[in-house]
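# Architecture and fold: a report
Residues per chain are reported as follows:
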Amino acid sequence: MDLESVINRNPIKEESWKTVLTLAYQSLGVVYGDLSTSPLYVYKSTFDEDIQHSETNEEIYGVLSFVFWTLTLIPLLKYVFIVLRADDNGEGGTFALYSLLCRHARVSLLPNTQLADEDLIEYTIDGTVPVNKKNVGSGLKTLLEKHRVLQRVLLVLALIGTCMVIGDGVLTPAISVFSAVSGLELSMSKEQHIYVEVPVACIILLFLFALQHYGTHRVGFLFAPVVLTWLLCISAIGVYNIFHWNPHVYEALSPYYMFKFLKKTQKDGWMSLGGILLCITGSEAMYADLGHFSQLSIKIAFTLLVYPSLILAYMGQAAYLSKHHDIESDYQVGFYVSVPVQLRWPVLVIAILQAVVGSQAVITGTFSIIKQCSALGCFPKVKIVHTSSKIHGQIYIPEINWSLMLLCLAITVGFRDTRRMGNAAGLAVITVMLVTTALMSLVIVLCWHKSIVLAICFIVFFGSIEALYFSASLIKFLEGAWVPIALSLIFLVTMYVWHYGTIKKYEFDVQNKVPINWLLSLGPTLGIVRVKGIGLIHTELVSGIPSIFSHFVTNLPAFHQVLIFLCIKSVPVPHVRPEERFLVGRVGPKEYRLYRCIARYGYRDVHQDDMEFERDLVCSIAEFIRSDTSEYGLGLGNFEEDTKMTVVGTSSSNFEGVRLSEDDVHDHNGDSDPHMEGPSELMEVKKSPERVKKRVRFVVPNSPQIASDTREELHELMEAREAGMAFIMGHSYVRAKSGSSWIKRVVINYGYDFLRRNSRGPTYALSIPHASTLEVGMIYHV
């Protein structure tokens, strides 16, 4: 899967207007599908129970005024003009903000950080201002770094926002599809449509989730046209309704009508804000999907098309309702009643397609954020399938997909009305926005190094607006708002238990590392027979010798001639460039043939497939051997430190380095005479008469001249690669220490153990033949 070039290009720099407009058009189908669906259910949810639609029109004008200013202040002012600027090397979302904070202040609880990570190109290139030590932010940074409790609060805050996004992935498809299908109620009697509406919505949802594993790249080209058609449709209907029913409806845009609305309706009006809040569902997607597009393209699409279309749609509905007070039933306040009769069936079809597109974007976003959580050690390892080799971000997670489908169907069948679905979705949306506001205020101080007064103004202004909506949503706890809280609590406990257990297990590994003196005392053979082949030992440690290695050595009669301690870790950047992928070093003297390789990935990186990763791993070791001139390489270093590492890129990014070539050859003799093809190649001859073998060779640069000991080491690595690779993994049983509190025993012995047993192992080990895999069990007392 060749995604490296797609991922590591920077789509933000030096864009032509043609590219910007193309991206703006494409963003319609991905970013604005959910936000554009809101007119289907905002007025219906608002007028459902809390307030009545009276002859004075004060209620409808007040609601329109609230909708207009909410859309203007939150999506337009907050997200488009402020939050979009807080990108993490072009990426956005809750974890992008948390990642920025982790890099500018040492607040990450992950213990495997290294100074070498700070040398990554994307670690420093994020458009931030150089640090001014006299800035007030330095005091805040020190405060966060000193107190671990504050670091935990920051992590929990980020996780809460993430969990609410996952909850939104359950609720948005339900309310969008159900609201779109509700148009059937105007074509049949009340008694009939209640038996048709729910089954049709469930069939569409089943179809939607069942097609996820095919990916959307085949039909993705239809998404933007569907959303564009929908936006033009609702804006045209809005303009028609304004001029046909009430041309003076624009007066309701004055904030004075919000004051009149609250004064007249009082508590009922405040409770109805939970319905008005739904007009900004999907606004967070502008920031979360930033990595697929660019700031400018998202801004252009929203300000020039999405925002005016939505305003016209809401004004048109208000104009129609202001002249129609003889409401026979609650659904007469819905979207479809304001659509001209001749257009209702075409609009119904477009609305259903629009709801599917909006739901698809939310589901894909849920997959993406769970992948990020897993990469940063906050979610158990799950199977991630990349459904497109060209479109970055098109992923599918089977376990999550079917879980979302069951939850979505349960909510649709259980609630059966948009009011309670709206209450649930509103709370999830506003909670994510509150988390973004809180984290953004820290970014203003710690990353942008602006005045703390500016950060306070930001959080007070936007936080007070969002807190008002949050309180109105929370009061509906028993009427549906409990759903996102329950879902988020389940995911939050899962994430925190996994994160806590992972940290404790790592700390145990660090405390029980094998001293280097023990290794040196064994000698170059490690005290056992060294057989041909490469032994790949998976470890979480970034330095030192894991205790599981001593367990292997003392219990096995033979070991491989080349041993590699492999650590695959995530760093708090969205992408690690291919030329910076590996950190390679030696463990012990040169003649021991022990190496450490740390493969670094960003939280949005695509992990390579097994064969490609294996080739790059061997090439990185070969390139390290060729270019190694350190004291370690000469056997003179201080092995106690074990910190000397060299940055080596993947073979595809390092054209001047060592490259691997493998051929299937038929050998008819058993000779083992080394053969050279030109000065630039090291080759291992064919073996095993009349058998198909894998012939391995390293293609190395012509200069400088390779020393004899380096040539010998490369030759031995070739032999080992040709003999095959065995994967050695520890099967750990994690238990709480004796004397631990009952909470810790429950969390570790039951919670973390259950998640660990049901999570997946390292991605590169999934397709390895069982004969090439060795697992050894160990008990961890943490």
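Note on numbering: residues in each chain are counted from 1, in written sequence order. Totals for whole chains, interfaces and linings use every residue, but because this is a predicted model, local features are given only for residues with pLDDT of at least 70 and side-chain atom pairs only at 80 or more, for both listing and counting. Side-chain measures were taken over the full set of non-hydrogen atoms in the model, leaving aside hydrogen atoms and water.

### As for the overall build of the protein
Put simply, DSSP H or I for four residues or longer makes a helix, DSSP E for two residues or longer makes a strand, and each gets a number counted from the N terminus. Counting its regular elements, the protein contains 27 helices and 12 strands. Looking at the 782 residues of the protein, the share that counts as buried comes to 59%. Across the protein, every contact between residues at least 6 apart in sequence was considered, and the portion connecting residues at least 24 apart equals 83%. For every residue, the accessible area obtained with a 1.4 Å probe (protein chains only) is divided by the maximum for its type, and the residue is called buried under 20%, exposed over 50%, and partly exposed between those limits. In this description, contact between two residues means that some pair of their heavy atoms is separated by no more than 4.5 Å.

### Quick notes on the packing of helix 19 (residues 418–446) against helix 20 (residues 452–474)
Packing of helix 19 against helix 20 leaves a shortest axis separation of 9 Å and a crossing angle of 170 degrees. Accordingly, the angle class assigned to the pair helix 19 and helix 20 is roughly antiparallel. For this classification, Asp, Glu, Lys and Arg are treated as charged, while Ala, Val, Leu, Ile, Met, Phe, Trp, Tyr, Cys and Pro are nonpolar and the rest, including Gly, are polar. Counted by class, the contact of helix 19 with helix 20 contains 18 nonpolar, 6 polar and 1 charged residues. Structural elements are reduced to axes, namely lines fitted to C-alpha atoms, with helices fitted over the stretch in contact, and the angle between N-to-C directions of any two is expressed from 0 to 180 degrees. Every angle not falling under 35 degrees, over 145, or within 65 to 115 is termed oblique; those three ranges are roughly parallel, roughly antiparallel and roughly perpendicular.

### Structural notes on the nonpolar core
Residues grouped as a nonpolar core are buried Ala, Val, Leu, Ile, Met, Phe, Trp, Tyr and Cys residues, joined through side-chain atoms within 4.5 Å. Residues Tyr32, Tyr43, Leu64, Leu71, Tyr287, Phe302 and Tyr314 are the most contacted members of the largest nonpolar core, which totals 167 residues. Looking at which element gives the most residues to this core, the answer is helix 19, with 17 residues. Judged by nonpolar contacts, the second largest core, of 26 residues, contains Ile534, Val562, Ile625 and Leu717.

### Section: the confidence of the model for the protein
Confidence per residue, as judged by the predictor, is encoded in pLDDT with a range of 0 to 100. Mean pLDDT over the protein: 79, with 80% of residues reaching 70 or higher. For the stretch residues 631–641, pLDDT sits under 50, and the model shows 20 contacts to residues farther than four places along the chain or on other chains. Counted against residues more than four places away or in other chains, residues 764–771, with its pLDDT under 50, gives 12 contacts.

### Description of the packing of aromatic side chains
When we look at a pair of aromatic rings, we describe it by the centre distance and by the angle of the planes. Two rings from Phe, Tyr or Trp (for Trp, the six-membered ring) form a pair when their centres are within 6.5 Å of each other. A pair whose planes differ by under 30 degrees is stacked, one over 60 is edge-to-face, and the rest are tilted. What the rule picks out here adds up to 20 aromatic pairs. Measuring from centroid to centroid gives 4.9 Å for Phe461 and Phe462, while their planes differ by 80 degrees, and the two rings are edge-to-face. Using a relative accessible area of 39% as the deciding quantity, one classes Phe461 as partly exposed. The exposure class assigned to Phe462 is buried, which follows from its relative accessible area of 3%. Seen from their ring centres, Phe582 and Phe613 are 6.2 Å apart, and the 50 degrees between their planes marks the pair as tilted. With Phe582 in strand 5 (residues 582–586) and Phe613 in helix 24 (residues 610–627), this pair connects stretches of sequence that are 31 residues apart. A single burial state applies to Phe582 and to Phe613, both of which are buried. Following the ring pairs from residue to residue traces out a cluster consisting of Trp518, Phe549, Phe559 and Phe565.

### A look at the packing of helix 9 (residues 148–181) against helix 21 (residues 482–511)
The geometry of helix 9 relative to helix 21 is characterised by a closest axis approach of 8 Å and an angle of 130 degrees between their N-to-C directions. Considering their axes alone, helix 9 and helix 21 lie oblique with respect to each other. You can see that helix 9 and helix 21 cross each other, and the crossing is right-handed. Listed contacts from helix 21 to Arg152, Leu155, Val156, Leu159, Ile160, Thr162, Cys163, Met164, Ile166, Gly167, Val170 and Leu171 of helix 9 are Val483, Pro484, Leu487, Ser488, Phe491, Leu492, Met495, Tyr496 and His499. When its residues are assigned to classes, the contact of helix 9 with helix 21 shows 16 nonpolar, 4 polar and 1 charged. Handedness of a crossing follows from how the near helix is turned relative to the far one, being left-handed for an anticlockwise turn of less than a right angle and right-handed for a clockwise one.

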